[in-house]
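Architecture at a glance
Next come the chains, spelled out residue by residue.
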Amino acid sequence: MKTLYIKIKELLQVRESGISKISGSDMETLPTIKNAFLLIEDDTIIDYGKMENAPIEKADKTLDVAGKMILPSWCDSHTHLVYAGNREQEFVDRINGLSYEEIANKGGGILNSAKTLQETSEADLFEQSSKRLEQIIRLGTGAVEIKSGYGLTTEAELKMLKVIRRLKKKYPIAIKSTFLGAHAVPLEFKKNKDEYIAKIINEILPEVARLNLADYIDVFCEKGYFSVGEMEAILFASKKFGLIPKVHVNQFNAIGGIPAAVRHEALSVDHLEVMDKEDFKSLKNTDTMPVGLPLCSFFLGIPYTPARELMDNGLPFALATDYNPGSSPSGNMNLVVSTACIKMKITPEEAINAATINGAYAMGISQTHGSITKGKKANFIITKEIPSYGYLPYDFGNNNIERVILNGKAI
Ligand code: NIG
Ligand code: FE
C-alpha cells in the first residue's frame, strides 16, 4: 500500500542514506525541501522530492497536507519511563530548600523509587509505564530507549526489563532497553558496596544476558554512587555479553567518567552538566555521542550541558528527555527542543538535528530512524499549520503536532 503526502509546506531533515550522525558545524544545517511530496510504502519511506515531481499515479492513497510540515519522529535516547509511583513530595522538599543530594542521603531519590517499584506487581508496573509510553507517542516520539535501575534486586531489575520487553511487543514505537543495575547502592549494601557490584556482575548481569533482556549497559558514575573504577569493572564484565555502554556521567561532578567510558567504546555519554578540558579532549575523533538532558537541568536547577562548546569543538550532540520520577518527570521531546534552544543557546537547526538523527545514533538505530531517507522507517510528525520550523521551539509548551505516523500508520 503506497501513501503519498502532497503539498507539504516544508519536509524537514531530508538526508541521503548512510549518514549516521551529524557533528560540529554541520549541525547548523537542517536539510529541507519546501513544497514537497513524501511517498511511503507500508512502513517504509520510498521517495520524496519537490511537489512538481510528485508521482501521483503511483499512489494508492493521496493526502493533502497544505500548510503543514513533516519531520522525522523524535528519537529519545535516554529515559527511565518504566517506574512506579511518583516523587512529588521530594519536589516540594526541594522547593523548601533541600538539595537533590540531601534528599538522596535521607533515603529518598532513586532508593525511594526502588522501594515503591519492588512493592509493585509486574502487571501494575506495565499499566503505569504504558500510559507514559502512549503519552510520549502522542507527543511525537517514534523511538525510545528505556532503562532499568529502579529495581536494585535481581527480581525487581528483571521485572523492569520484562516490562520493557512487553512494551516492545505491544507498541509500534522502536524501543531499546538498557540494564542499569548500578543506578544506586541499595541500603542493605551501604557498608558493603563491593558486594553489590559483585552481585551485579556475577548474578544479575548474567541473568539479564541469558534472558536477552538488554541491548545496552549503563552505570551512574558519580560521587556517592559508582566510581570510575567501579563503572569500568561493570563495563568490562558486560563486554563478554555483548552489551555496549551508554552511561550516566558528569551530572554533578567531573570525576573522569567520560574518558573511561570512551575507552570502553561507549555509544553515548549522557548528562555532562559539568565538563572539564580533559573530557572534551577525550571525546574528539571517537564514536561516542555526547547526550544532553535539558529537562533534568531545568527541573533540578543545575547547569546545562555545554552544547555550544561541544559543537564548537567539532563534536556531535544529541538531546533526550531523561524521563524519570526524580529529575525529569516529563518525556516531552518538544519541550526538550525548546529548552535546548532557550537555555543552551543552540539554534532550531542544531536542536532538531540533536533530537532526531543524533538521538537515533545514540541508541544505535540511525540506519533506520532519525531522518527522512529512502529505506528508513516511515516514522514522522505532521505539524499543525505553522509559519516556519523555528516556530516549533519558539512556541514552547504548546502542542503543534497534528498527527503522528509510526511504521506508516497514523496513531
Ligand atoms: O538520569 N542521575 C541518575 N539517574 C536519573 C535520576 C534518578 C532519580 O532521581 O530517580 C537521572 O537524572
Ligand atoms: Fe538518566
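Our structure's up above, just so we're on the same page.
Residues numbered from 1 in each chain as written. Chains lettered and ligands numbered in written order. Predicted model: local features only at pLDDT ≥ 70, side-chain atom pairs only at ≥ 80, totals over all residues. Heavy atoms only, no water.

Here we look at the overall build of the protein
We apply this condition: Numbering of helices and strands runs from the N terminus, with a helix taken as a DSSP run of H or I at least four residues long and a strand as a DSSP run of E at least two residues long. Using C-alpha atoms as the atom set, the radius of gyration is obtained and then compared with a globule rule of 2.2 Å times the number of residues to the power 0.38. Burial classes follow relative accessibility: with a 1.4 Å probe on protein chains only, a residue under 20% of its type's maximum area counts as buried, one over 50% as exposed, and anything between as partly exposed. All accessibility values rest on the Shrake-Rupley procedure with a 1.4 Å probe; residue burial counts only the protein chains present in the view. His is not counted, nor are the chain ends, whereas Lys and Arg count as positive and Asp and Glu as negative. Charge placement uses NZ in Lys and CZ in Arg. For Asp and Glu, CG and CD serve respectively.
Scanning the protein for helices and strands turns up 15 helices and 16 strands. For a compact globule of 411 residues, the expected C-alpha radius of gyration is about 22 Å, and the protein comes in at 21 Å, within 12% of that figure. When its C-alpha atoms are laid out on the principal axes, the protein stretches across 70 × 45 × 45 Å. Out of the 411 residues belonging to the protein, those deemed buried represent 58%. Summing over all exposed atoms, the protein offers an accessible surface of approximately 16100 Å²; the carbon and sulfur share of this is 49%. One way to put it: in the protein the 48 positive side-chain charges average out to a point 3 Å from where the 51 negative ones average out.

Section: the site of ligand 1
The line we're drawing: Residues are labelled near a given molecule or strand when at least one of their non-hydrogen atoms is within 4 Å of it. Residues adjacent in sequence count toward polar contacts only when both atoms are side-chain atoms; beyond that, a polar contact is any pair of N or O atoms within 3.5 Å, and within protein one must be able to donate a hydrogen and the other to accept it.
Near ligand 1 you find 15 residues, and of these Arg87, Tyr100, Tyr150, Gln251 and Ser327 are the closest. Between ligand 1 and Asp322 there is a distance of 2.8 Å, counted from an oxygen atom to a side-chain nitrogen or oxygen. Residue Ser327 places a side-chain N or O atom 2.6 Å away from an oxygen atom belonging to ligand 1. Bound to the protein, ligand 1 loses 100% of the 330 Å² it would expose on its own.

Remarks on the sheet that holds strand E12 (residues 289-292)
Condition: Whether two strands pair comes down to DSSP finding at least two bridges between them. Any two residues whose heavy atoms approach within 4.5 Å at even a single point are treated as in contact. As a rule, the C-alpha atoms of each element are fitted with a line to give its axis, helices using only the stretch in contact, and angles between N-to-C directions run from 0 to 180 degrees.
An order of E6-E7-E8-E9-E10-E11-E12-E13 is seen for the eight strands of this open sheet, with the pairing classed as parallel. Each edge of the sheet is formed by a strand with only one pairing partner; in this case those strands are strand E6 (74-76) and strand E13 (318-319). Where strand E11 (residues 268-271) and E12 come together, three bridges link them in parallel fashion. In the strand pairing of E12, Ser268 is matched with Met289. On top of the sheet, helix H5 (residues 154-170) reaches strand E7 (141-147) and strand E8 (174-182); it is set at about 175° to E8, its chief contact.

Re helix H3 (residues 110-118)
Rules: Comment: arc refers to directions from the helix axis out to C-beta atoms.
All buried positions along H3 are accounted for by Ile110, Leu111, Ser113, Ala114 and Leu117. Taken down its axis, H3 places every buried residue within 155° of arc, on the same side. On its buried side, H3 packs onto helix H2 (100-105), helix H4 (122-138), H5 and strand E9 (216-221).

Notes on the coordination of the iron ion (ligand 2)
Going by this rule: Coordinating donors are taken as N, O and S atoms within 2.8 Å of the metal, stretched to 3.2 Å for Na, K and Ca; because water is absent from the atoms, sites can appear incomplete.
Every protein donor of the iron ion (ligand 2) is accounted for by His78 (NE2), His80 (NE2), His248 (NE2) and Asp322 (OD), and the metal-donor separations fall at 2.1 to 2.2 Å. Between the donor residues of the iron ion (ligand 2), the gaps in sequence give the motif H-x1-H-x167-H-x73-D. Taken together, the residues span a long stretch of sequence, with His78 in the loop between E6 and helix H1 (88-95) and Asp322 in the loop between E13 and helix H12 (333-343) at a distance of 244 residues.

Re unusual backbone geometry
Positive phi values are uncommon outside glycine, yet Lys7 reaches one of about 60°. With respect to the element layout, Lys7 can be found in strand E1 (residues 2-12). Under the relative-accessibility criterion, Lys7 is labelled partly exposed at 39%.

Some remarks on the nonpolar core
Formally: To form a nonpolar core, buried Ala, Val, Leu, Ile, Met, Phe, Trp, Tyr and Cys residues must be joined to one another through side-chain atoms within 4.5 Å. For the domain bounds, the source is a domain assignment made automatically or taken from a database.
Residues Leu133, Leu167 and Phe317 are the most contacted members of the largest nonpolar core, which totals 113 residues. Top contributing element to this core by residue count: H5, with seven residues. Counting the residues that make up this core, at least three belong to each of domain 1 (2-73 + 371-410) and domain 2 (75-361). When residues no more than four places from it in sequence are discounted, the contact partners of Leu167 are Leu81, Val82, Phe126, Ser129, Ser130, Leu133, Ile146 and Ile175.

By themselves these figures say nothing about function.
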